[in-house]
Amino acid sequence: MSVHDPLPIRGYDHVEFYVGNARQAAHFYEKAFGFTPVARLGLETGVRDRASYVMQQGQIRFVLTSALVPDHEIARHCALHGDGVKVIALEVGDARAAMDVVRGRGATILQPAQTVADEHGELTTGVIAYAGDTVFKFVQRSEYRGVFAPGYAALDVSAAAPSAGLVAIDHIVTNVPLRQMEFWAGWYRDVLGFTQLAHFTDADISTKYSALMSKVMENGTGKCKFPINEPAEGLRKSQIDEYLESYCGAGVQHVAMTTGDICATVRRLRERNIDFLRVPDTYYEALRDRVGAIDEDIDELAELGILVDRDDDGYLLQIFSQPVQDRPTLFYEVIERHGSRGFGVGNFKALFVSLEREQARRGNL
Ligand code: FE2
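Bear in mind that the values here come from a model prediction, so they are computed numbers and not experimental data.

**Comments concerning a nonpolar patch on the surface**
Here's step 1: Together, Leu43, Leu68 and Val69 give the surface a local cluster of nonpolar side chains, amounting to about 230 Å² of exposed area.
Here's step 2: Mapping leucine 43 onto the fold places it in the loop between strand 2 (36–41) and strand 3 (50–57).
Here's step 3: Residue leucine 43 is classed as partly exposed on the basis of its relative accessible area, which comes to 47%.

What follows is the structure, encoded as structure tokens:
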């Protein structure tokens, strides 16, 4: 049976971050995370108010953008939120049609469909409002053959740092204030036409002190998955509350990226000083009984701090970084899926104990 999807999404196109210093952020994403800077825009390309670096690894594309002048939307965004995700861009076959569909479904239009062109072809985009100051962008790039978008200059990639083996974006998680999860789940359903993949309540995801609730929305092909978290009643401030206070509102909590060899990827990231959350050693003592047979060596997983979870479809391996800026806001997940389409619910409790330890160190628990 084929059902006509009026808003077919091909996948993640890119994620754009507004940061205080794009040049230094690009260095971090290259040298620590293994991304290759492939394109740039700024003063030397004739842009006077901002600078952007396009960073690529596998199919993952990050854009790092800073303001060059003080009275600028990007500068104000950074002053309020710190470094963080501004744009979640999805690739579509027809951006104009996508914008017509979401306009009809009540989206707040921030930039109507617009086509820009250069000698490499044309690119059409449109932007709609999402939670907090975060936005969604539709990108139609089938008629564009340049490195990223008109206006960007390609960079010499011959001397780039080696990849860490990251392949694709798996899911992007948003934190929203108390009692707004339902609204945003409905927004994904009604505006983007997504369906609900999973629902976690505070019974699944709680410790004695802090809790959260989560709904996971996915597009028709299952390629794009967006969990939405809200804090739940706990004895103390939850990690979601800490994020919302630190980011000054709703925003992207973490981006999960897949790898084909999580042990090699995490080893490389650790060598380059990416810090990860550590669960207690007792986690690995119980692991064999909990998840049964897996291909990986449990001693190696324990050495690297990689977590395992199993469900009816298979298992997954995952690990979470510490926040990648001084505010305890955005962090990363590295994930390797062996059949499981889940999010590691079996690891939530161990992770929360570890997260609460970090919150306490920051004086936020
Ligand atoms: Fe995740």
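**Topic: the domain arrangement of the chain**
Here's step 1: The assigned domain composition of the chain is domain 1 (9–154) and domain 2 (166–362).
Here's step 2: Across the domain 1-domain 2 interface, the total number found is zero salt bridges.
Here's step 3: Joining domain 1 to domain 2, the criterion identifies 14 residue pairs in polar contact (both at pLDDT 80 or more).
Here's step 4: Those elements giving two or more residues to the side of domain 1 that touches domain 2 turn out to be strand 1 (9–18), helix 1 (22–31), strand 4 (60–67), helix 2 (73–81), strand 5 (84–92), strand 7 (121–129) and strand 8 (135–140).
Here's step 5: Here the element with the most residues in the side of domain 1 that touches domain 2 is strand 1; it accounts for six residues.
Here's step 6: A per-class count over the side of domain 1 that touches domain 2 returns 25 nonpolar, 11 polar and five charged.

**Section: the sheet that holds strand 7**
Here's step 1: With mixed pairing, nine strands are arranged side by side in an open sheet as 6-7-8-5-1-4-3-2-9. The two strands at the open ends of the sheet, each matched to only one other strand, are strand 6 (109–118) and strand 9 (153–154).
Here's step 2: Relative to strand 4, strand 3 runs antiparallel, the two sharing eight bridges. Paired with methionine 55 across the strands is phenylalanine 62, a residue of strand 4.

**Examining the coordination of the iron ion**
Here's step 1: Coordination sphere of the iron ion, protein contribution only: His171 (NE2), His254 (NE2) and Glu333 (OE), at 2.0 to 2.2 Å.
Here's step 2: The class for histidine 171 is buried, based on a relative accessible area of 2%.
Here's step 3: Taking relative accessible area as the criterion, histidine 254 reaches 7% and is therefore assigned buried.

**A short note on helix 2**
Here's step 1: Three or more residues of helix 2 are buried, namely Ile74, His77, Cys78 and His81. What you see down the axis of helix 2 is that its buried residues fit within an arc of 95°, all on one side.
Here's step 2: Lining the buried residues of helix 2 we find strand 1, strand 3, strand 4, strand 5 and helix 5 (239–247).
Here's step 3: Downstream of helix 2 by one or two residues, glycine 82 has phi in the positive range, about 75°.

Cut-offs used in this document
- The residue numbering used here restarts from 1 in each chain and proceeds along that chain's sequence as written.
- Note on the predicted model: pLDDT of at least 70 is required for a residue's local features to be given, and 80 or more for side-chain atom pairs to be given and counted; whole-chain, interface and lining totals, by contrast, use all residues.
- No hydrogens and no water enter the side-chain calculation; it runs on all heavy atoms of the structure.
- Patches in this entry comprise residues that are over 30% relatively accessible and not in a salt bridge; like charges within 9 Å are linked, as are nonpolar side chains (Val, Leu, Ile, Met, Phe, Trp, Tyr) within 5 Å.
- For the accessible areas, the method is Shrake-Rupley and the probe is 1.4 Å, while residue cover comes only from the protein chains on display.
- Only one rule defines a salt bridge in this text: a Lys or Arg side-chain nitrogen within 4 Å of an Asp or Glu carboxyl oxygen.
- Secondary structure follows DSSP: runs of H or I at least 4 residues long count as helices, runs of E at least 2 residues long count as strands, and numbering of each begins at the N terminus.
- Per-residue accessibility, obtained with a 1.4 Å probe over protein chains only, is compared with the maximum for each type, and a residue is labelled buried under 20%, exposed over 50%, and partly exposed between these values.
- Marked domain ranges trace back to an automatic or database domain assignment.
- In protein, a polar contact requires one atom able to donate a hydrogen and another able to accept it; more generally it is a pair of N or O atoms within 3.5 Å, and residues adjacent in sequence count only if both atoms are side-chain atoms.
- Each residue gets one label: Ala, Val, Leu, Ile, Met, Phe, Trp, Tyr, Cys and Pro are nonpolar, Asp, Glu, Lys and Arg are charged, and the others, such as Gly, are polar.
- Any two strands between which DSSP finds at least two bridges are classified as paired.
- Ligating atoms shown are N, O and S within 2.8 Å of the metal, or 3.2 Å for Na, K and Ca, and water is not included, meaning a site may look less than complete.
- To be clear, the arc concerns the directions from the helix axis to the C-beta atoms.
- In this analysis, two residues are considered to be in contact whenever any of their non-hydrogen atoms come within 4.5 Å of each other.

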